[in-house]
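Next come the chains, spelled out residue by residue.
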Amino acid sequence: MFVNVWIPSSFQRHSHQIYHVHVRVKNEEWRIFKRYQQFHDLHISLKKEYPAVDSFEFPPKTLMGNKDAKFIEERKRALQIYLQKTTNYLVRQHSRIRTHLSKEVLINFLPFFSPVHNAFTVNG
């Protein structure tokens, strides 16, 4: 595994669930905070450039029941698995990224992982 990604918790902010994402590349570790919409936007953009990403299960949008604790826990787990699989798949596909992998390289490749572009700087 090249990149370790896990989502230990989430919390409610305004009307949105915020996911607390930890990322580790070698000896570098950082945290980001993302809304579901940001995960969804990432998924849509990656599918366009890397059609194989569509084979990784992504939790669908839901209008009803998305405040339920069980639903939130299941979605958190599904987003974590999705990020883990997708990120490591993409790193394996690019030898230059794989060879020089670092926090900076990952963020340049996938700005989603930047602590600057988190849920607190996007609508809220």
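Residues numbered from 1 in each chain as written. Predicted model: local features only at pLDDT ≥ 70, side-chain atom pairs only at ≥ 80, totals over all residues. Heavy atoms only, no water.

*Asks:* Mind laying out the nonpolar core, listing which residues take part and the relevant values?
*Replies:* Of all hydrophobic cores here, the largest spans 30 residues; its most connected members are Val21, Phe39, Leu106 and Phe113. Within the residue set of this core, elements represented by two or more residues are strand 1 (3-13), strand 2 (16-25), strand 3 (28-35), helix 1 (36-49), helix 2 (69-93) and helix 4 (103-109). A per-element tally of this core places helix 2 first, with six residues. If sequence neighbours within four positions are ignored, Leu106 has contacts with Val3, Val23, Val25, Trp30, Thr87, Leu101 and Phe113. (Core = buried A, V, L, I, M, F, W, Y, C linked by side-chain atoms within 4.5 Å. Buried < 20%, exposed > 50% of the residue type's maximum accessible area, 1.4 Å probe, protein only. Helix = DSSP H or I, 4+ residues; strand = E, 2+ residues; numbered from the N terminus. Contact = heavy atoms within 4.5 Å.)

*Asks:* Which residues make up helix 2, and what are the values?
*Replies:* Given 3.6 residues per turn, any residue in an α-helix points the same way as the ones three and four places further on. For helix 2, with 25 residues, the first-to-last C-alpha span of 36 Å sits near the 36 Å given by 1.5 Å per residue. With a side-chain oxygen positioned 3.2 Å from the backbone nitrogen of Lys70, the residue opening helix 2 is Asp68. (Expected span 1.5 Å × (residues − 1). Polar contact = N/O pair within 3.5 Å; in protein donor to acceptor, adjacent residues only side chain to side chain.)

*Asks:* An account of unusual backbone geometry is needed here, citing residue identities and associated values.
*Replies:* We note that His14 has phi near 55 degrees; this positive angle belongs to a residue other than glycine. With respect to the secondary-structure elements, His14 resides in the loop between strand 1 and strand 2. For His14, a relative accessible area of 65% translates into the label exposed. Backbone geometry places Lys26, a non-glycine residue, at a positive phi of 55 degrees. When you line up the elements, Lys26 lands in the loop between strand 2 and strand 3. Under the relative-accessibility criterion, Lys26 is labelled exposed at 56%.

*Asks:* Explain the sheet that holds strand 3 to me, and be specific about the residues and the numbers.
*Replies:* Judged by pairing direction, the sheet is antiparallel, and its three strands sit side by side in the order 1-2-3 without closing on themselves. Of all strands in the sheet, those bounded by a partner on one side alone are strand 1 and strand 3. Pairs of neighbouring strands in the sheet enclose a mean axial angle of 20 degrees, with direction left out of account. The sheet strands contacting helix 1 are strand 1, strand 2 and strand 3, and the helix crosses strand 3 at an angle near 105 degrees. Each of strand 1 and strand 2 touches helix 2; the most contacted strand, strand 1, lies at about 150 degrees to it. (Pairing = 2+ DSSP bridges. Axes fitted to C-alpha atoms, helices over the stretch in contact; angles between N-to-C directions.)

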